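Observations on the model geometry
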Amino acid sequence: MQKNDTNKNKNKKKFSLTGKIFMGLIFGAILGLIVHYFVPEGYFRDNILVGGIFYFLGQGFIRLMQMLVVPLVFLSIIDGTRSMGDTETLGKVGVRIVIFYLFTTAVAITIALLLATTIKPGVGMNMKVGSNNYEGASGENISFVETILNMIPTNPFEALAKGDMLQVIIFAVIVGLIIARMSEKTETIGNIVTEANDLMMKMTMGVMKLAPIGVFCLIARTFSTLGYDVILSMASYMLTVLLGLGVQLMLVYMVLLTVFVRVNPFTFLKKYFSVMTFGFSTSSSSATVPININTLEDMGVDRRISSFTIPLGATVNMDGTAIMQGVAVIFIANAYNISLDMNDFVTIILTATLASIGTAGIPSVGLVTLAMVLTSVGIPTEGIAMIMGIDRILDMTRTCINLCGDAVGTIIVSNKENMFDKEKYKRKVES
Ligand code: ASP
């Protein structure tokens, strides 16, 4: 009898949420490929299947996740800062996480530049300036002072309505600190925030349950509409980016986790897998914020830290994007036979770090901010047209790395503040 129960439990475990999301990803990819190659174009494929069912369920799921982002970030930051109470801890966490984000982004671009100068994608393409029509963003620059000023909301309600993450974070931190300082006088409002935050967490868990279907439809749609023929001609560029992303994950993040937190980095990969899958299927760091915070809590990270560092990271820390931009710059320069010197490389590292800060955590924006990096070293922005066709698949993969960077930074910082539960981290994954 007991044996039977254990077997039942084992079977149950097989279908944990992570397992189901993974199955959604694999089956979605297979179905997408089948639709792409075997279902003839026409009303059924384009309007009923791809543009109908897949689109409706996939977008419905993304919108549900997006619905959670602003209220969840707003409430959990107020709740977190209120219960942390002191500006000193908050200041330390803030400085540490910003340093981590900037450092890892600079490392990411350096890796990208090293790999791209070694592999030399784009050499021999002999492109001529003016041969591509690209009417995307020009590389216009916003000044540093302006960027900092823009973080202060002139109207917090507008910031909330527009979902301007940095402005929301600043306002929420101030409100949280003042609630903490006024203690008894604001007890009621503090309790309301805590309860509303609990409500949002419950809602997040509910939406998460739909993730396997959402992921399945998003991936099926993407794979059925991808242009596979261009992939081959861009293979060297794509492989260099993928290699860079792999190095950043397996060498940089895994080593940082081992050195600074002294935990098994493979446990991270295993437990964080569902978040990566979600980032992969949505290509959006922003939409992934709620599931990111929830999963990190299951891994032992105190929410008071992650509710602050994760939305911040989803807005300003894009290591995967930086890697794509580093490789793209070299690729386009090679294709146009433009040679770059040491000064150019330093400029690329600086501007790509800034571009990563300015890249919003939504699909394809990295391609837009790439214009700024190209302009900084005098490479024609029309070169972006060459990589546009295959960017979707790279966007999916670099978003996973963007998320991992935020998560690893958060674990390291929370460990430093003694707000990381290593025992919970080591515990086996439960459904
Ligand atoms: N899709 C990326 C993200 O959300 C941004 C980008 O590189 O386009 O993290």
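Cut-offs used in this document
Residues numbered from 1 in each chain as written. Predicted model: local features only at pLDDT ≥ 70, side-chain atom pairs only at ≥ 80, totals over all residues. Heavy atoms only, no water. Helix = DSSP H or I, 4+ residues; strand = E, 2+ residues; numbered from the N terminus. Rg over C-alpha atoms; globule rule 2.2 N^0.38 Å. Buried < 20%, exposed > 50% of the residue type's maximum accessible area, 1.4 Å probe, protein only. Contact = heavy atoms within 4.5 Å. Areas by Shrake-Rupley, 256 points an atom, 1.4 Å probe, with all protein chains shown as cover. Lys, Arg positive; Asp, Glu negative; His and termini not counted. Charge placed at Lys NZ, Arg CZ, Asp CG, Glu CD. Salt bridge = Lys/Arg side-chain N within 4 Å of Asp/Glu carboxyl O. Phe/Tyr/Trp six-rings, centres within 6.5 Å; stacked < 30°, edge-to-face > 60°. Near = heavy atom within 4 Å. Polar contact = N/O pair within 3.5 Å; in protein donor to acceptor, adjacent residues only side chain to side chain. Nonpolar A, V, L, I, M, F, W, Y, C, P; charged D, E, K, R; others polar. Core = buried A, V, L, I, M, F, W, Y, C linked by side-chain atoms within 4.5 Å. Expected span 1.5 Å × (residues − 1).

**What about the overall build of the chain?**
Within the chain, the regular secondary structure consists of 20 helices and zero strands. For 431 residues, the compact-globule estimate of 2.2 N^0.38 gives 22 Å, and the C-alpha radius of gyration of the chain, at 22 Å, lies within 12% of that figure. Projected onto its principal axes, the C-alpha positions of the chain cover 70 × 60 × 40 Å. Across the 431 residues in the chain, those meeting the buried criterion constitute 53%. In the chain, the proportion of contacts linking residues at least 24 apart, taken out of those at least 6 apart, comes to 84%. Carbon and sulfur atoms make up 64% of the accessible area of the chain, which totals about 20400 Å². Side-chain charges in the chain split into 33 positive and 30 negative, and the spacing between the mean points of these groups amounts to 12 Å.

**Some points on the pattern of salt bridges**
Taken as a whole and assessed by the stated rule, the structure comprises nine salt bridges. Here Arg45 makes a salt bridge to Asp46, at a shortest N to O gap of 3.4 Å. Judged by its relative accessible area of 12%, Arg45 is buried. Linking Glu423 and Lys426 is a salt bridge whose minimum nitrogen-to-oxygen distance equals 3.7 Å. Highlighted residues: Glu423 and Lys426, both in helix α20 (residues 422–426), separated by three residues, approximately one helical turn. Its relative accessible area of 52% is what places Lys426 among the exposed residues. Bridged by salt links that share partners, the residues Asp391, Asp395 and Arg398 form one connected network.

**Section: the packing of aromatic side chains**
Applying the stated rule across the entire model yields seven aromatic pairs. Arranged with centres 5.3 Å apart and planes meeting at 65°, the rings of Phe22 and Phe273 form a pair that is edge-to-face. Placement of Phe22 in helix α2 (residues 17–38) and of Phe273 in helix α12 (residues 265–282) is noted, with a sequence separation of 251 residues between them. By relative accessible area, Phe273 is classed as partly exposed at 29%. Judged by centre distance (6.2 Å) and plane angle (65°), the rings of Phe100 and Tyr101 are edge-to-face. For the pair formed by Phe100 and Tyr101, the shared burial category is buried.

**Some points on the site of the ligand**
Not every one of the 17 residues close to the ligand is listed here, only the nearest: Ser285, Thr321, Gly366, Asp395 and Arg398. Within the contact set of the ligand, an oxygen atom lies 2.3 Å away from a side-chain nitrogen or oxygen of Ser285. For the ligand, a nitrogen atom lies 3.2 Å from a polar atom in the side chain of Thr399. For the ligand, the protein covers 100% of the area, taking 270 Å² as the surface of the free molecule. At the level of elements, α17 (365–376) and α19 (391–416) are the ones that each hand at least two residues to the shell around the ligand. Class assignment for the residues of the shell around the ligand results in five nonpolar, ten polar and two charged.

**Considering the nonpolar core**
In terms of nonpolar packing, the biggest core is built from 124 residues, with Tyr237, Phe268, Tyr272 and Ile411 touching the most fellow members. Contacts of Tyr272, omitting those with residues within four sequence positions, involve Asn292, Leu296, Met299, Leu403, Cys404 and Ala407.

**Some remarks on helix α7 (residues 165–181)**
Since the α-helix advances by 3.6 residues per turn, residues separated by three or four positions end up pointing in the same direction. Over its 17 residues, α7 extends 24 Å from the first C-alpha to the last, a length consistent with the 24 Å expected when each residue adds 1.5 Å. Regarding α7, the residues found buried are Met165, Leu166, Gln167, Val168, Ile169, Ala172, Val173, Gly176, Leu177 and Ile179. The secondary structure elements touched by the buried residues of α7 are α3 (43–84), α4 (87–119), α6 (156–162), α8 (187–208) and α14 (303–316). Positioned one or two residues after α7, Ser183 has a phi angle of 25°, which is positive.

**So, the environment of Ala287**
Residue position: Ala287 is located in the loop between α12 and α13 (289–298). Relative accessible area serves as the criterion here: at 1%, Ala287 is assigned to the buried category. Along the sequence, Ala287 and Gly361 sit 74 residues apart, while their C-alpha atoms lie 7.9 Å from each other. When residues no more than four places from it in sequence are discounted, the contact partners of Ala287 are Met65, Gln66, Val69 and Phe278.

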